[in-house]
Amino acid sequence: MLTGKNVLITGSNRGIGKAFVEAFAKRQCNIWACARKHSEEFETQMAEIASQNGVWIRPVYFELTDSEEMKAAIKQVLKSGENIDVLINNAGIAHGGLFSMTRMQTIREVFDINVFAPMELAQLVLRKMMRQKSGSIINMSSVAALNVRAGNSAYGTSKAAVKAWTAVLGAETAQYGIRVNAIAPSLTDTDMGRTVQENAGENRLLPSAMGRMAKAEEIANVAVFLASDEASFVNGETIVVNGGGDCD
Amino acid sequence: MTNKEKYVNAFTETFDITEEETQGLQYSGIAAWDSVGHMSLVAALEDAFDIMMDTDDIIDFSSFEKGMEILSEKYDVEF
């Protein structure tokens, strides 16, 4: 179903992003694996995954908050002449804290990375997708966008913005054959998820009705579905992946 | 093909108009040059000149003549 598709993934060096790389490579997709900085470990990991699955994975480096770096990187991707079939705006940062105890600078940083960078990247990639008359964009929202909870004024509202933007963009791009959806995971068993849980202290987040955190590959499997033609009539939606219940 | 011819072609092929009709043409001046047509025009120009336009320039691209000015000043396209 996805064989031969080309996927661009941000934040692909660890956590859910790395799971995305593995899941799409396993489905015979080629990947531009984006990360902030070059590292031998990352290059080796990507080469191994590519080799195991018989696909190409090209590391792409840029700082999400640096427009010029991002533009130069995407220009290189476009120069390859390959279609960009799927864009996964995965990279993001977490932050918890009461609104009155959160610096405005911090809120801006969270929005820069979680909202404005995905928007900017989508503007660049969309022009290619519009020419192709096809494409799938998958954004990362969060259950924090849906559950009202003290301490979520930066992260939760940024992810709520992603959810709203996803719906709007899906409405705008449908005419070009481009679907835009988001995933709203609950707490996921990654470095970031564990750190969030540790920092929560007494306010530890509820793991899920299943009594555990999500596995990164369980989130990736939903992205695989959304990217595929199996989801051909799913557009502008945010899919909650939380193991059931009203959890975080 | 000269750059001017490539530029005119992008308009005539995208909007299905004649070369004469491109002169003085403004955004929204014809039904085909709406927001959807605008993105198709940008795509055609990016392909023709192997450039990647900034969003600000796409927004400022308000007429046939203004487009030439933007491409010339910011993307080194000589007409």
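Everything below is about the structure printed above this text.
Residues numbered from 1 in each chain as written. Chains lettered and ligands numbered in written order. Predicted model: local features only at pLDDT ≥ 70, side-chain atom pairs only at ≥ 80, totals over all residues. Heavy atoms only, no water.

Draft legend 1. Fine view of helix α7 (residues 216-227) of chain A. All names here are of chain A. Between its first and last C-alpha atoms α7 spans 17 Å; for twelve residues at 1.5 Å apiece the expected length is 16 Å, and the two agree. Taken as a whole, α7 has its buried residues at Ala216, Ile219, Ala220, Val222, Ala223, Val224, Leu226 and Ala227. Its buried side turned inward, α7 meets α1 (15-26), β4 (86-89), β5 (135-140), β6 (178-185) and β7 (238-241). (Helix = DSSP H or I, 4+ residues; strand = E, 2+ residues; numbered from the N terminus. Expected span 1.5 Å × (residues − 1). Buried < 20%, exposed > 50% of the residue type's maximum accessible area, 1.4 Å probe, protein only. Contact = heavy atoms within 4.5 Å.)

Draft legend 2. The interface of chain B and chain A, seen in detail. Taken together, the twelve residues of chain B in the interface contact eleven residues of chain A. When chain B packs against chain A, close to 1,100 Å² is buried across both sides, 53% of that on carbon and sulfur atoms. Sorting the residues of chain B by area buried against chain A places Val36, Met39 and Met52 of chain B first, and these three jointly supply 50% of that buried surface. Counting every contact that joins chain B to chain A gives four salt bridges. Residue Asp47 of chain B is joined to Arg131 of chain A by a salt bridge in which the shortest nitrogen-to-oxygen separation is 2.6 Å. Across the contact surface, chain B and chain A share six residue pairs in polar contact (both at pLDDT 80 or more). Elements represented by at least two residues in the side of chain B that touches chain A include exactly α3 (35-49) and α4 (55-60) of chain B. It is α3 of chain B that provides the largest number of residues to the side of chain B that touches chain A, a total of seven residues. (Buried area = accessible area lost by both parts, 1.4 Å probe. Salt bridge = Lys/Arg side-chain N within 4 Å of Asp/Glu carboxyl O. Polar contact = N/O pair within 3.5 Å; in protein donor to acceptor, adjacent residues only side chain to side chain.)

Draft legend 3. Looking closely at the packing of α1 of chain A against α7 of chain A. Residues and elements named next belong to chain A. One way to put it is that α1 packs onto α7 with a least axis distance of 8 Å and a crossing angle of 55°. In terms of orientation, α1 and α7 fall into the oblique class. Helix-helix and strand crossings are classified by hand; for α1 and α7 the assignment is right-handed. Every residue of α7 that contacts α1 at Gly15, Ile16, Ala19, Phe20, Ala23 and Phe24 is listed here: Ala216, Glu217, Ile219, Ala220, Ala223, Val224 and Ala227. (Axes fitted to C-alpha atoms, helices over the stretch in contact; angles between N-to-C directions. Parallel < 35°, antiparallel > 145°, perpendicular 65-115°, else oblique. Left-handed = near helix turned anticlockwise from the far one by under 90°.)

Draft legend 4. Representation of the packing of aromatic side chains in the model. Counting across every chain of the model gives 14 aromatic pairs over all chains. Taken together, a centroid distance of 6.3 Å and an interplanar angle of 75° make the contact between Trp33 of chain B and Phe61 of chain B edge-to-face. Note that Trp33 of chain B is positioned in the loop between α2 (19-22) and α3 and Phe61 of chain B in the loop between α4 and α5 (64-74), a separation of 28 residues in sequence. Exposure class is identical for Trp33 of chain B and Phe61 of chain B. Each is buried. Its guanidinium or amino end placed over the ring of Trp56 of chain A, Arg58 of chain A lies 3.6 Å from that ring's centre, counting from NZ or CZ. (Phe/Tyr/Trp six-rings, centres within 6.5 Å; stacked < 30°, edge-to-face > 60°. Lys NZ or Arg CZ within 6 Å of the ring centre and 35° of its normal.)

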